[in-house]
Amino acid sequence: MKNVEELFSKVLVVALLFAGAVTAQAQSEITLLAPSPTRRPLDRILANFQAKSGQKVKVTYSGARTTTQMVAKGDALDVSLVVAPVTGAVTSGAVIPSSMTLVASYQTAVVVPKGAPKPDISNAAAVKKALLAAKAIGYEDPEFATAGQGPAEAIKNLGIGDQIASKSRLCANNTTYSPGSTTCFDPAGGAGTRSTRTLQKGLMSGDIDIGLPYLSDILPDKDKFTIVGVLPHDVYTPTGIVGFISTRASNPAAAKALLQYLLSPEAQAIFKEEGLEPHK
């Protein structure tokens, strides 16, 4: 009987130690919510952070607009990166407003077909002239994608919306017309003008002669197009990626360390390499 009791005690101690280790591991794991367009730089940055800090980061990627909506509904993770505007996130009660940190920004690129002349985009007047001279301008529909916010703002600020409406090609993920792809269409021409060409394919075919995508989205295919540059700041404001710490973070200190690491020179250099504008 004594041997049985001793064996039971040993098993119990091992079980408690194992449970404690599992609990400690769970507590040391930081959860991160991030927009999918940041996956390339963040995968690199998080690998560095984990190696340096010993903290494990479990990241959930979702659509850029979806992440903002999730936080606004109260579904923030330990650290959440959302795309501006962030009013809904701040007022949700799910995040600490004072933790709001601009991490980096999406830049809107000006792209033309490979071999095509490069338009001057050095200032607002030059961009306006280039867009008015274009045959077809392609960009994401701002109603569906955050990548369309920059182009829409630029066109509004330049006051040329009516003048280029007939040659604008808005693109949006649309499973009704083309499952798994992007549909670009002429908003002035009706549903019959929809196609299953992506913005990239439209540029390659010459159907679109100026594209306005996120620079970070187009960089992986840079050899297929000519990236003229990014829209100047006097035309639009790059779309900010803003970080918050959750009010329910399991380890607030670790969450803060991760958010601060995203501002480190090492992390910011990676954001820049991947086409995002670093924090200033």
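Please read all numbers here as calculations on a predicted model, not as lab measurements. (Residues numbered from 1 in each chain as written. Predicted model: local features only at pLDDT ≥ 70, side-chain atom pairs only at ≥ 80, totals over all residues. Heavy atoms only, no water.)

Draft legend 1. How the structure looks around the overall build of the protein. Counting its secondary structure elements, the protein contains 11 helices and 12 strands. Sorting the 280 residues of the protein into buried and exposed places 45% on the buried side. Counting contacts in the protein only where the partners sit at least 6 residues apart, residues at least 24 apart contribute 73% of the total. Only carbon and sulfur atoms are counted for the fraction: they give 57% of the accessible area of the protein, which is about 13,900 Å². (Helix = DSSP H or I, 4+ residues; strand = E, 2+ residues; numbered from the N terminus. Buried < 20%, exposed > 50% of the residue type's maximum accessible area, 1.4 Å probe, protein only. Contact = heavy atoms within 4.5 Å. Areas by Shrake-Rupley, 256 points an atom, 1.4 Å probe, with all protein chains shown as cover.)

Draft legend 2. Focus on helix 5 (residues 124–133). Of all the residues in helix 5, the buried ones are Ala124, Ala126, Val127, Ala130 and Leu131. Along helix 5, the residues classed as buried sweep out an arc of 160° about the axis, all on the same side. For helix 5, the exposed residues lying more than 90 degrees away from the buried face are Ala125, Lys129 and Ala133. Against the buried residues of helix 5 lie strand 6 (137–140), helix 6 (149–158), helix 7 (161–164) and strand 9 (210–211). For helix 5, the capping residue at the N-terminal end is asparagine 123, with a side-chain oxygen 3.2 Å from the backbone nitrogen of alanine 125. (Arc of directions from axis to C-beta. Polar contact = N/O pair within 3.5 Å; in protein donor to acceptor, adjacent residues only side chain to side chain.)

Draft legend 3. Spotlight on the side chain of threonine 146. On the secondary structure map, threonine 146 appears in the loop between strand 6 and helix 6. Under the relative-accessibility criterion, threonine 146 is labelled buried at 6%. Reaching out from threonine 146, the side chain makes a polar contact with the side chain of tyrosine 214 at a distance of 2.8 Å. Those residues in contact with threonine 146 that lie beyond four places of it in its chain are Ala64, Arg65, Val83, Tyr214 and Thr239.

Draft legend 4. Spatial organisation of the packing of helix 2 (residues 39–53) against helix 10 (residues 252–261). At their nearest, the axes of helix 2 and helix 10 sit 11 Å apart, and the two run at 130° to each other. The angle between helix 2 and helix 10 places the two elements in the oblique class. Handedness of the helix 2/helix 10 crossing: right-handed. The segment helix 2 lies against helix 10, with Ile45, Leu46, Asn48, Phe49 and Lys52 engaging Ala257, Leu258 and Tyr261. For the contact of helix 2 with helix 10, the per-class residue count stands at 6 nonpolar, 1 polar and 1 charged. (Axes fitted to C-alpha atoms, helices over the stretch in contact; angles between N-to-C directions. Parallel < 35°, antiparallel > 145°, perpendicular 65-115°, else oblique. Left-handed = near helix turned anticlockwise from the far one by under 90°. Nonpolar A, V, L, I, M, F, W, Y, C, P; charged D, E, K, R; others polar.)

Draft legend 5. Geometry of unusual backbone geometry. The step from alanine 84 to proline 85 runs through a cis peptide bond, and the omega angle for that step is 5°. Along the chain, proline 85 falls in the loop between strand 3 (79–83) and helix 4 (87–90).

Draft legend 6. Geometry of the nonpolar core. Core analysis: the largest hydrophobic core is formed by 31 residues, its most contacted members being Leu81 and Leu258. Residue assignment for this core shows that the elements contributing at least two residues are strand 1 (29–35), helix 2, strand 2 (56–62), strand 3, strand 4 (101–106), strand 11 (239–245), helix 10 and helix 11 (265–273). Element by element, the count of residues in this core is highest for helix 10, at 5 residues. If near-sequence neighbours (up to four positions away) are discounted, leucine 81 is found in contact with Leu32, Leu33, Ala34, Pro35, Leu42, Thr67, Val103, Ile241, Val242, Gly243 and Leu262. By size, the runner-up hydrophobic cluster in this structure holds 21 residues, among which are Val110, Leu158, Leu170 and Leu212. (Core = buried A, V, L, I, M, F, W, Y, C linked by side-chain atoms within 4.5 Å.)

Draft legend 7. Highlighting the environment of glycine 159. Mapping glycine 159 onto the fold places it in the loop between helix 6 and helix 7. Each C-alpha atom, one on glycine 159 and one on lysine 128, is 8.8 Å from the other, the two residues being 31 residues apart in sequence.

Draft legend 8. The arrangement of the confidence of the model for the protein in detail. Chain-level statistics for the protein give a pLDDT mean of 86 and a share of 81% at 70 or above. Note that residues 7–27 has pLDDT below 50 and, in this model, 2 contacts with residues that lie over four places away or in other chains. Counting contacts from residues 174–182, a segment whose pLDDT is below 50, to residues more than four positions away or on other chains yields 20 contacts. (pLDDT = per-residue confidence, 0-100.)

Draft legend 9. Looking closely at the sheet that holds strand 2. Strand order in this open sheet of 6 strands is 2-1-3-11-4-12, and the pairing throughout is mixed. Whereas interior strands pair on both sides, the edge strands pair on one side only; in this sheet they are strand 2 and strand 12 (276–278). Geometrically, the sheet is characterised by an average inter-axis angle of 25° between neighbouring strands, direction not taken into account. (Pairing = 2+ DSSP bridges.)

Draft legend 10. Helix 10, seen in detail. Of all the positions in helix 10, only Ala254, Ala255, Leu258, Leu259 and Tyr261 are classed as buried. The arc that holds the buried residues of helix 10, viewed along the axis, is 160°, so those residues lie on one side. The exposed residues of helix 10 that point more than 90 degrees off its buried face are Ala253 and Lys256.

Draft legend 11. Focus on the pattern of salt bridges. Considering all chains together, one arrives at 5 salt bridges under this definition. Where arginine 44 meets glutamate 274, a salt bridge forms, and the shortest distance between an N and an O atom there is 3.1 Å. With arginine 44 in helix 2 and glutamate 274 in the loop between helix 11 and strand 12, the pair connects residues that are 230 residues apart, well separated along the chain. With a closest N to O distance of 3.7 Å, lysine 224 and aspartate 221 form a salt bridge. According to the relative accessible area criterion, lysine 224 is partly exposed, its value standing at 45%. You can call aspartate 221 partly exposed: its relative accessible area is 24%. In this structure, a network of salt bridges that share partners links the residues Arg40, Arg44, Glu273 and Glu274. (Salt bridge = Lys/Arg side-chain N within 4 Å of Asp/Glu carboxyl O.)

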